[in-house]
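The lines below spell out each chain.
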Amino acid sequence: MRLPLRDTPRAYGKVTRALHWSIAALVLWQFMTMILKVGFGVSPRESAIVGSHGPVGTAVFVLIVIRVAWAFANAGRRPDHGRGFIGIAAKAGHGILYLVMLIVPLAALARAFGSGRGFSPFGFPLFPTREEPIAWMVTFGMRCMANWAGSLARC
């Protein structure tokens with residue numbers, strides 16, 4: 001069966017699948033970079049892999065926004081997960097994942113901006129370095145990022 005470009009009630013299309021697997025691969029990359037940084041003390045100066053965390057996170061965030069927009073564009077065409085427990089669990093699980101993938105980068109950006117660090121993913125400045133910190137932004141970012149597994153309850 002050849003996959004269509006757009007979603008249909010019988011199958012997800014090529015664009016949905018490409019976005020899904022691109023995001024999955026990049027999120028795994030992000031976990032690997034943080035394991036290297038936190039678990040082994042590797043700094044961005046020591047490893048280009050760890051240094052890629054910010055730009056790759058930016059790419060994940062952009063892909064998530066595109067993925068959500070694409071899902072809305074295909075809302076009436078997508079396969080049904082069913083009304084039973086599995087269908088509800090699939091919808092809820094994906095909803096939570098998308099929420100986390102939106103909140104985590106926003107918290108990291110708030111922390112970086114609030115601490116005065118500049119951020120220029122792929123060489124495009126989102127905000128410049130500043131000297132004066134913004135305490136509430138740093139606190140919000142640190143609370144959300146300190147323990148990512150339980151961070152949503154504290155944000």
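Further up the page is the structure itself.
Residues numbered from 1 in each chain as written. Predicted model: local features only at pLDDT ≥ 70, side-chain atom pairs only at ≥ 80, totals over all residues. Heavy atoms only, no water.

A. View of the pattern of salt bridges. Inspection of the entire model under this criterion finds one salt bridge. Asp7 is paired through a salt bridge with Arg78; the nearest N and O atoms lie 3.1 Å apart. Of this pair, Asp7 sits in the segment before helix H1 (14-40) while Arg78 sits in the loop between helix H3 (53-73) and helix H4 (85-115); the two residues are 71 residues apart in sequence, bridging distant segments of the chain. (Salt bridge = Lys/Arg side-chain N within 4 Å of Asp/Glu carboxyl O. Helix = DSSP H or I, 4+ residues; strand = E, 2+ residues; numbered from the N terminus.)

B. Layout of H4. In a regular helix each residue adds 1.5 Å, so 31 residues correspond to 45 Å; H4 covers 44 Å between its end C-alpha atoms and thus fits that length. Those residues of H4 lying buried are Gly87, Tyr98, Met101, Pro105, Ala107, Ala110, Ala112 and Gly114. Positioned one or two residues after H4, Gly116 has a phi angle of 95°, which is positive. (Expected span 1.5 Å × (residues − 1). Buried < 20%, exposed > 50% of the residue type's maximum accessible area, 1.4 Å probe, protein only.)

C. Focus on the packing of H1 against H3. Two elements in contact, H1 and H3, have axes whose closest approach is 10 Å; the angle formed by their N-to-C orientations is 155°. As summarised for this structure, H1 and H3 are arranged roughly antiparallel, according to the angle between their axes. Handedness of the crossing formed by H1 with H3: left-handed. Here Val15, Thr16, Leu19, His20, Ser22, Ile23, Leu26, Val27, Trp29, Gln30, Thr33 and Met34 of H1 lie close against H3, whose contacting residues are His53, Val56, Gly57, Ala59, Val60, Leu63, Ile64, Ile66, Arg67 and Trp70. (Axes fitted to C-alpha atoms, helices over the stretch in contact; angles between N-to-C directions. Parallel < 35°, antiparallel > 145°, perpendicular 65-115°, else oblique. Left-handed = near helix turned anticlockwise from the far one by under 90°. Contact = heavy atoms within 4.5 Å.)

D. The arrangement of the side chain of Ser47 in detail. Take Ser47: it is sitting in the loop between H1 and helix H2 (48-51). What makes Ser47 buried here is its relative accessible area of 14%. Only 3.1 Å separates the side chain of Ser47 from the backbone nitrogen of Ile49, close enough to count as a polar contact. (Polar contact = N/O pair within 3.5 Å; in protein donor to acceptor, adjacent residues only side chain to side chain.)

E. Quick look at H1. The terminal C-alpha atoms of H1 lie 38 Å apart, and with 27 residues this matches the ideal 39 Å at 1.5 Å per residue to within 8%. Buried within H1 are the following residues: Thr16, Leu19, Ile23, Gln30 and Thr33. Residues of H1 that are buried make contact with H2, H3 and H4. Positive backbone phi, approximately 70°, marks Gly41, located one or two places after H1.

F. Seen up close, the packing of H3 against H4. Interhelical geometry of H3 versus H4 gives an angle of 140° and a closest axis separation of 10 Å. For the element pair H3 / H4, the angle class is oblique. Remark: the crossing between H3 and H4 carries left-handed chirality. For the pair H3 and H4, contact is made by Phe61, Ile64, Val65, Arg67 and Val68 and by Tyr98, Met101, Leu102, Pro105 and Leu106, respectively.

G. Spotlight on the packing of aromatic side chains. All chains considered together, the criterion is met by two aromatic pairs. Consider the rings of Phe119 and Phe127, whose centres lie 6.2 Å apart with planes at 35°: the pair is tilted. An aromatic cluster is present here, built from Phe113, Phe119 and Phe127 joined pairwise through their rings. The aromatic ring of Trp70 is capped on one face by Arg6, whose charged end is 5.9 Å from the ring centroid. Lying across the ring of Phe113, Arg130 places its NZ or CZ 4.5 Å from the centre. (Phe/Tyr/Trp six-rings, centres within 6.5 Å; stacked < 30°, edge-to-face > 60°. Lys NZ or Arg CZ within 6 Å of the ring centre and 35° of its normal.)

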